[in-house]
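Chains, contacts and geometry: an overview
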Amino acid sequence: GVEVELDKGKAKVDPERYLQVTYEDFCQNPEKVVQNIYQQVWKGELPTSNFKGLEPFRNTNKQKVSDEEFQRIMDCVGELYGTEAHRHLAMVHS
């Protein structure tokens, strides 16, 4: 599935050149995740004023659009990124 493809891609890249962030971590503490990304990429501290309104939120991991709208999204992903991306998105959805 998607995880296998991600692992294949990561194996081709120096670990110093990517940062892995989980959706769950981002939901629980978006300020910390953004700060970590900023530190890794720009090697500095992002001013806390940039986080105004960036509050934790609940991770539902559920489809919140109609099936019809979701299919339209999937079709657009397929058009933009090819059938492989469309297939992976379909696997995640099922």
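Up top you'll find the structure we're talking about.
Residues numbered from 1 in each chain as written. Predicted model: local features only at pLDDT ≥ 70, side-chain atom pairs only at ≥ 80, totals over all residues. Heavy atoms only, no water.

1. Topic: the overall build of the chain
What counts here: The secondary structure listing takes helices from DSSP runs of H or I that are at least 4 residues long and strands from runs of E that are at least 2 residues long, numbered from the N terminus. Between two residues, a contact is recorded if the distance between any of their heavy atoms is within 4.5 Å. Using a 1.4 Å probe, accessible areas were evaluated by the Shrake-Rupley method; residue-level cover was limited to the displayed protein chains.
Secondary structure summary: the chain contains 5 helices and 0 strands in total. Element order for the chain, N to C, with α for helix and β for strand: α-α-α-α-α. A separation of at least 24 residues holds for 37% of the contacts in the chain among residues at least 6 apart in sequence. For the chain, the computed accessible surface area is about 7,900 Å², with 53% contributed by carbon and sulfur atoms.

2. Considerations on the pattern of salt bridges
Inclusion rule: For this document, the term salt bridge refers to a Lys or Arg side-chain nitrogen within 4 Å of an Asp or Glu carboxyl oxygen.
Under the definition given, this model contains 3 salt bridges. Among the salt bridges present, the one from Glu 5 reaches Lys 8, with a minimum N-O distance of 3.5 Å. Pair noted here: Glu 5 and Lys 8 are both in helix H1 (residues 2–11), with a separation of 3 residues, about one helical turn. Between Asp 7 and Lys 10 there is a salt bridge, with its nearest N and O atoms 3.7 Å apart. Taken together, the residues span about one helical turn, with Asp 7 and Lys 10 both in helix H1 at a distance of 3 residues.

3. A look at the packing of aromatic side chains
Worth spelling out the cut-off: Centres within 6.5 Å are what make two rings of Phe, Tyr or Trp a pair, Trp counting through its six-membered ring; a difference in plane orientation under 30 degrees is then read as stacked, over 60 as edge-to-face, and the rest as tilted. Accessible area is worked out with a 1.4 Å probe on protein chains only. A residue is then buried under 20% of its type maximum, exposed over 50%, and partly exposed in between.
Under the counting rule described, the total for this entry stands at 2 aromatic pairs. Aromatic pair Phe 26 and Phe 57: ring centres 5.7 Å apart, planes at 75°, arrangement edge-to-face. In this pair, Phe 26 sits in helix H2 (residues 23–28) while Phe 57 sits in the loop between helix H3 (30–42) and helix H4 (67–81), placing the two residues 31 residues apart along the sequence. Seen in terms of ring centroids, Tyr 38 and Trp 42 are 5.0 Å apart; in terms of plane orientation they differ by 35°. Their pairing is tilted. Residue Tyr 38 and its partner Trp 42 are located together in helix H3, separated by 4 residues, close to a single helical turn. A residue is classified by how much of its surface remains accessible, and Trp 42, at 56% relative accessible area, is exposed.

4. Side note on a nonpolar patch on the surface
Cut-off, in case you're wondering: Note on patches: the residues involved have over 30% relative accessible area and no salt bridge, like charges join within 9 Å, and the nonpolar side chains Val, Leu, Ile, Met, Phe, Trp and Tyr join within 5 Å.
Side chains of Leu 19, Val 21, Ile 37, Val 41 and Trp 42 sit close together on the surface and give an oily, nonpolar patch of about 460 Å² of accessible area. Considering the arrangement of structural elements, one finds Val 21 in the loop between H1 and H2.

5. Quick word on unusual backbone geometry
Where the residue is not glycine, phi is negative for most of them; where a peptide bond is considered, it is trans in most cases. For Lys 43, which is not glycine, the phi torsion reads 55° and is therefore positive. Take Lys 43: it is sitting in the loop between H3 and H4.

6. Section: the side chain of Gln 35
Rules: For this analysis, a polar contact is any N or O atom pair within 3.5 Å, provided that within protein one partner can donate a hydrogen and the other can accept it, and provided that sequence-adjacent residues contribute only side-chain to side-chain pairs.
Position of Gln 35 relative to the elements: it lies in helix H3. Owing to a relative accessible area of 10%, Gln 35 belongs among the buried residues under this scheme. Only 2.8 Å separates the side chain of Gln 35 from the backbone nitrogen of Leu 46, close enough to count as a polar contact. Filtering out sequence-adjacent residues up to four positions away, Gln 35 remains in contact with Gly 44, Glu 45, Leu 46 and Phe 51.

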